[in-house]
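Chain residues, written in single-letter form:
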Amino acid sequence: MANELARLNVKLQLQNQQLLSKLEQSNRKISSFAQKSNRSLNSFRKTAISSFKAVSVAAGGLGIAAIGTGIVRVAADFETLRISLKTVTGSAEAASDAFAQIQEFTASTPFQLQEVTEAFIKLQARGLDPSTESLRAYGNVAAGMSKSLDQFVEAVADAATGEFERLKEFGIIARQQGEEVTFTFRGVSTTVRKSASEIEGYLKNIGNVDFAGATDDQIETFSGRVSNLKDALATLADQFARD
């Protein structure tokens, strides 16, 4: 850790132009994620770049060691997530693909990159579907109920194993009958087989139908924009630490 801080401290004391060059490189990478997801985060990235420019100018007076510690912390968190992804996906290549998918998805939601990555890991580790389609459906329910993505993913994971208590937090009541389970939501009852795939399917359908567009609505709020700005800054810090 001491050696890493020393290396970063030297970087942060280089001329402003050198630092800004690296930041612009990171900015272009973030732009590619936004273009793929068909949603623009230009205003957030501009704010992120402006913030980093201000930091680079004031670094000497504000404490280089503290800034270096923050960058190391972000880089360490991202590294931990990548290792976990490699474990659940089975290879470094699959983990890299999954992380790219997660970054692209996160750019169009009000959720933080770490939260979405952890949700992916939980679903993958439990043999459930961690696809972008599933994450968006679950994210719709979470956003529509003012809950975290992690809370609904945990409820889904429990329900897939026959534990339905957490679904009550989202207004979903379950009643088991032999090999079937009847869910009631907003006064409408639906019966499915008590299998992980059918339970997943029912819960995804709620997100796609009853809560359709909830993440899109949430991202337009102030808190949604702040969330994306935080992710942009974290991505920049991670890229800077890895270069």
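Along each chain, the written sequence defines residue order, and numbers are assigned to residues from 1. The predicted origin of the model limits local features to residues at a pLDDT of at least 70 and limits the giving and counting of side-chain atom pairs to 80 or more, whereas totals for whole chains, interfaces and linings rest on all residues. Hydrogen atoms and water are omitted, and side-chain values are computed over all heavy atoms in the structure.

A separate point is the pattern of salt bridges. Any two side chains of opposite charge can pair, on the condition that their charged atoms come close. Here a salt bridge means any side-chain nitrogen of Lys or Arg lying within 4 Å of a carboxyl oxygen belonging to Asp or Glu. Under the counting rule described, the total for this entry stands at 10 salt bridges. As a salt-bridge pair, Lys-204 and Asp-129 come within 3.1 Å of each other at their nearest N and O atoms. Of the two residues, Lys-204 is situated in helix α9 (residues 196–209) and Asp-129 in the loop between α6 (113–125) and α7 (132–144); the sequence distance between them amounts to 75 residues. For each residue, the accessible area found with a 1.4 Å probe, counting protein chains only, is set against the maximum for its type, and the residue is called buried under 20%, exposed over 50%, and partly exposed in between. On the basis of relative accessible area, Asp-129 is assigned to the partly exposed category, the value being 26%. Taken together, the shared-partner salt bridges in this structure form one network comprising Lys-122, Arg-126, Asp-150, Glu-154, Asp-158 and Arg-166. Only DSSP runs of H or I with at least four residues qualify as helices, and only runs of E with at least two residues qualify as strands; both kinds are numbered from the N terminus onward.

Each Phe, Tyr or Trp ring, with Trp reduced to its six-membered ring, pairs with another whose centre is within 6.5 Å; inter-plane angles below 30 degrees give stacked pairs, above 60 give edge-to-face pairs, and intermediate values give tilted ones. Within the structure shown, the criterion is met by 5 aromatic pairs. Consider the rings of Phe-183 and Tyr-202, whose centres lie 4.6 Å apart with planes at 10 degrees: the pair is stacked. Residue Phe-183 is found in strand β2 (residues 180–185), and its partner Tyr-202 is found in helix α9; the two are separated by 19 residues along the sequence. Look at Tyr-202 and you get buried, because its relative accessible area is 9%. For the ring pair Phe-185 and Phe-211, a centre distance of 5.8 Å and an interplane angle of 40 degrees mean the geometry is tilted. Taken as a pair, Phe-185 in strand β2 and Phe-211 in the loop between α9 and α10 (214–219) lie far apart in primary sequence, 26 residues in all. Residue Phe-185 is classed as buried on the basis of its relative accessible area, which comes to 7%. A residue is classified by how much of its surface remains accessible, and Phe-211, at 6% relative accessible area, is buried. Aromatic ring contacts, followed pair by pair, group Tyr-138, Phe-152 and Phe-170 into a single cluster.

This is a description of form; function is not addressed.
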